[in-house]
Amino acid sequence: MDKKILKIISTAVPLVVENVDTDQIIPARFLKATTREGFGENLFRDWRYNPDNSLKTDFVLNSSVYKGTILVAGKNFGCGSSREHAAWALYDHGFRVVVSSFFGDIFKNNALNNFLLPVVVAQDFLDALLEKIQKEPNTEVTIDLEKQTISVTGTTMSQSFDINEYKKVCLINGYDDIDYMLSNKKNIEEFEEKRSNDFSLE
């Protein structure tokens, strides 16, 4: 999966639940693995599966009606423990964006560090968006990271969102922290050379 995020146009999955904590996103018993792959299978495990491992047909992720790379969730998504695995599980499942009116701070940072874009919108916008998706599952949502806007195709629904400028650059280019440093290698070398020359003149 391409890590770069410029503009994402997709239908969305509505998770109309508030205060979703990281243990609900990925239960603690699945945290033994040390690589990021494979966590998507157990995303919302206790909500998606019955004790006999059969699918719960009434859970939104098991529905054939809702598809897409955008998860639209209720207020206070990603609260609770600091486990980075929650972001891994969402990304591994195929989500690139999570929209909510509030995120747990640690989850938000973990998401940004793992190429998952958390988009914070006003509560009234979130409520309207969830309602529209539920009524019209083919609703198309556009996330434009360069312009920092979220909009709904065929409507006037649109809103801007904030993002850390450094993380924005990383997401647009598909950089992790090391990649970002390497991308500035030439500038760093030129700075060090100038600094060295300035000292030699003293």
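Check the entry above for the structure.
What counts as what
- Residues numbered from 1 in each chain as written.
- Predicted model: local features only at pLDDT ≥ 70, side-chain atom pairs only at ≥ 80, totals over all residues.
- Heavy atoms only, no water.
- Helix = DSSP H or I, 4+ residues; strand = E, 2+ residues; numbered from the N terminus.
- Buried < 20%, exposed > 50% of the residue type's maximum accessible area, 1.4 Å probe, protein only.
- Contact = heavy atoms within 4.5 Å.
- Areas by Shrake-Rupley, 256 points an atom, 1.4 Å probe, with all protein chains shown as cover.
- Polar contact = N/O pair within 3.5 Å; in protein donor to acceptor, adjacent residues only side chain to side chain.
- Pairing = 2+ DSSP bridges.
- Phe/Tyr/Trp six-rings, centres within 6.5 Å; stacked < 30°, edge-to-face > 60°.
- Core = buried A, V, L, I, M, F, W, Y, C linked by side-chain atoms within 4.5 Å.

### A look at the overall build of the protein
Step number 1: Helix and strand counts for the protein stand at eight helices and eight strands.
Step number 2: When each of the 202 residues of the protein is scored for burial, the buried share is 44%.
Step number 3: Counting only contacts in the protein whose residues sit at least 6 apart along the sequence, the fraction spanning at least 24 positions is 65%.
Step number 4: Total accessible area on the protein stands at roughly 11,000 Å², and carbon and sulfur atoms take up 49% of it.

### Observations concerning helix 4 (residues 105–113)
Count 3.6 residues to each turn of an α-helix, and residues three or four apart come out pointing the same way.
Step number 1: Those residues of helix 4 that sit buried are Phe107, Asn110, Ala111 and Leu112.
Step number 2: Contact partners of the buried residues in helix 4: helix 1 (22–25), helix 3 (85–93), strand 5 (117–120) and helix 6 (165–173).
Step number 3: Of the residues trailing helix 4, Phe115 is marked for its positive phi of about 60°.

### With respect to helix 6
Step number 1: The complete set of buried residues in helix 6 reads Lys167, Lys168, Cys170, Leu171 and Ile172.
Step number 2: Capping the start of helix 6 is the job of one residue whose side-chain oxygen sits 2.9 Å from the backbone nitrogen of Tyr166: Asn164.
Step number 3: In the stretch just after helix 6, Gly174 is the one whose phi turns positive, near 70°.

### Points about the side chain of Ser101
Step number 1: Mapped onto the secondary structure, Ser101 falls in the loop between strand 4 (97–100) and helix 4.
Step number 2: Contact partners of Ser101, with chain neighbours within four places excluded, come to Lys75, Val120, Val121, Ala122, Gln123 and Leu126.

### Thoughts on the pairing of strand 2 (residues 12–15)
Step number 1: Burial of strand 2 is two-sided: the residues Ala12 and Pro14 facing one way and the residues Val13 and Leu15 facing the other way are all buried.
Step number 2: Inspection of the sheet shows strand 2 paired to strand 3 (residues 70–73) by four bridges, in the parallel sense. Counted as the bridge partner of Val13 is Leu71 from strand 3.

### Topic: the packing of aromatic side chains
Step number 1: Tallied over the full model, the rule gives seven aromatic pairs.
Step number 2: Measuring from ring centre to ring centre gives 5.5 Å for Phe44 and Trp47, while their planes differ by 0°; the resulting arrangement is stacked.
Step number 3: Given a relative accessible area of 0%, Phe44 falls into the buried group.
Step number 4: For Trp47, a relative accessible area of 23% puts it in the partly exposed group.
Step number 5: Between Phe77 and Phe103, the ring centres sit 6.3 Å apart and the planes meet at 85°, which makes this aromatic pair edge-to-face. Linking Phe77 in the loop between strand 3 and helix 3 with Phe103 in the loop between strand 4 and helix 4, this pair joins segments that are 26 residues apart in sequence.
Step number 6: A relative accessible area of 0% places Phe77 in the buried class.
Step number 7: Put simply, the rings of Phe44, Trp47 and Phe59 pair up and form one aromatic cluster.

### Focus: the nonpolar core
In summary, soluble globular proteins display a tendency toward joint burial of nonpolar side chains.
Step number 1: Phe44, Phe77, Leu90, Val99, Leu117, Leu129 and Ile143 are the most contacted members of the largest nonpolar core, which totals 54 residues.
Step number 2: With six residues, helix 3 is the single largest residue contributor to this core.
Step number 3: The residues touching Phe77, leaving out its near neighbours within four places in the chain, are Leu15, Val20, Ile25, Phe44, Leu71, Leu90, Val98, Ser100, Phe102, Phe103, Gly104 and Phe107.

### Some thoughts on the environment of Arg96
Step number 1: Along the chain, Arg96 falls in the loop between helix 3 and strand 4.
Step number 2: Arg96 gets classed as buried once you look at its relative accessible area, which sits at 8%.

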